[in-house]
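# Chains, contacts and geometry: an overview
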Amino acid sequence: MTEKEYEKVFLDKIDSETKIEPRDWMPEKYRKNLVRQIGQHAHSEIVGMHPEANWLTRAPSLKRKAILMAKIQDEAGHGLYLYCAAETLGVDRQDMIDAMLEGKMKYASIFNYPTLSWADVGTVGWLVDGAAIVNQVALQRTSYGPYSRGMVRICKEESFHQRQGYELLMEMMKGTEEQREMVQDSVNRWWWPALMMFGPNDTDSPHSAQSMAWKIKRFSNDELRQKFVDNSVRQFEYLGVSIPDPDLKWNEERGHYDFGEINWDEFYQVISGHGPCNRQRIEQRRRAQEDGAWVVEAAEAFAAKQSAKAA
Ligand code: BYC
């Protein structure tokens, strides 16, 4: 078959909602775009463990510590599924990790903000995992099979993450005035960075048009951000916390909430390596690589021994 004919088969599959699988022919740009997005997604799960791990030793009870530990372990698992999905596209996991450590591959902007109080553990679960779910539920229908199937499993676990965060904050809101203030302060700091998780506005998103055409993305950045805002308002009301946006109001005509302008300068600063914790996060990942190297070596030595025995 000629390249044109291969491309037609590929586009027919996209049109008919047939998943693209690792052995199928695909345009090189489709492959590269997926490696970029899935790799960034994997890095985000792994780096995302750090802000929460900051509170593991200071969790206020055994129950809270066990929940937080389970959530962080889930995130390690999500990172592994996603690295595996990216590897089906012919890339090496270590090369992707090295690219991130060298600043050549991104991870989600949100994890460059610090977790300053215990309420932040709840807010990260509620708003950060909540925003991630809105994005990831849509990605369950992405056109690349391994990514889509990974998302189905990840979404189930993310729901637990979101709920544990909201429940933690509900408990704090039933507590003292000081605890309620801690929740409000936390939400004030995380709301806007959570909105930035969806990426730039559609008009400024260089990858969106092609990713939508290939059904890698099923909804645009702005559509998902709007869905998240609309979902969140009732949750704020029920929790008894105010949204730190004076421009937020229901728009009858659009059938959606209007909201204020995001600080895009801040977003671009953060994704270009100049956020509050970028250096710290990369340093933590570099140290984790070095400290864990012996585990990888031991696992490889064991695997070599097993296959020598089987031969
Ligand atoms: N942060 O053309 P655009 C989690 C970059 S973790 C950083 O719109 P695209 C959790 C973008 O990469 C879940 N960078 O891009 C874990 C591009 O730069 P490059 C994380 C961002 O790809 C632990 C440039 O800006 N979720 O749930 O079409 C604890 C232009 O953007 C961001 C995912 O990774 C950002 N927020 O759309 C708790 C979801 N936004 O690559 C929770 C998967 C944009 O050209 N990813 N950029 O250098 C996606 O859905 C899409 O990649 C995005 C961006 C919507 C994020």
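Scroll up a little and you will see the structure.
Residues numbered from 1 in each chain as written. Predicted model: local features only at pLDDT ≥ 70, side-chain atom pairs only at ≥ 80, totals over all residues. Heavy atoms only, no water.

### Here we look at the site of the ligand
Surrounding the ligand, one finds 34 residues, the nearest of these being Gln40, Lys106, Ser205, His207 and Lys217. A distance of 2.9 Å separates an oxygen atom of the ligand from a polar atom in the side chain of arginine 36. The backbone of methionine 197 places a nitrogen or oxygen atom 3.2 Å from a nitrogen atom of the ligand. Protein chains bury 92% of the 1000 Å² of accessible surface belonging to the ligand in isolation. (Near = heavy atom within 4 Å. Polar contact = N/O pair within 3.5 Å; in protein donor to acceptor, adjacent residues only side chain to side chain. Areas by Shrake-Rupley, 256 points an atom, 1.4 Å probe, with all protein chains shown as cover.)

### Details of the side chain of aspartate 74
The topology assignment puts aspartate 74 in helix H4 (residues 62–87). Of the side chains with opposite charge, lysine 71 lies nearest to the buried aspartate 74, which makes no salt bridge, at 8.0 Å. Excluding anything up to four places from it in sequence, aspartate 74 contacts Glu157, Phe160 and His161. (Helix = DSSP H or I, 4+ residues; strand = E, 2+ residues; numbered from the N terminus. Buried < 20%, exposed > 50% of the residue type's maximum accessible area, 1.4 Å probe, protein only. Lys, Arg positive; Asp, Glu negative; His and termini not counted. Salt bridge = Lys/Arg side-chain N within 4 Å of Asp/Glu carboxyl O. Contact = heavy atoms within 4.5 Å.)

### What about unusual backbone geometry?
For glutamate 17, which is not glycine, the phi dihedral falls at a positive 65 degrees. Here glutamate 17 is to be found in the loop between helix H1 (3–15) and helix H2 (28–47). The exposure class assigned to glutamate 17 is partly exposed, which follows from its relative accessible area of 40%. We note that lysine 215 has phi near 60 degrees; this positive angle belongs to a residue other than glycine. Its location among the elements puts lysine 215 in the loop between helix H9 (208–213) and helix H10 (221–239). Overall, lysine 215 belongs to the buried group, its relative accessible area being 18%.

### A short note on the environment of serine 232
As for its placement among the helices and strands, serine 232 is situated in helix H10. Expressed as a C-alpha distance, the spacing of serine 232 and tryptophan 126, which sit 106 residues apart in the sequence, is 9.5 Å.

### Let's talk about the pattern of salt bridges
With the rule as written, the count across this model stands at 18 salt bridges. Between lysine 174 and glutamate 171 there is a salt bridge, with its nearest N and O atoms 3.2 Å apart. A salt bridge links arginine 254 to aspartate 258; its shortest N-O distance comes to 2.8 Å.

### Here we look at the packing of aromatic side chains
Here the structure, examined in full by the defined rule, presents 15 aromatic pairs. With a centroid separation of 5.6 Å and an interplanar angle of 40 degrees, the aromatic rings of phenylalanine 198 and phenylalanine 228 are classed as tilted. One end of the pair, phenylalanine 198, is in the loop between helix H8 (177–196) and H9; the other, phenylalanine 228, is in helix H10, with 30 residues separating them in the sequence. Each member of the pair, phenylalanine 198 together with phenylalanine 228, is buried. With centroids separated by 5.1 Å and ring planes inclined at 75 degrees, the aromatic side chains of phenylalanine 267 and tyrosine 268 adopt a geometry described as edge-to-face. For phenylalanine 267, a relative accessible area of 5% puts it in the buried group. Residue tyrosine 268 is classed as partly exposed on the basis of its relative accessible area of 36%. (Phe/Tyr/Trp six-rings, centres within 6.5 Å; stacked < 30°, edge-to-face > 60°.)

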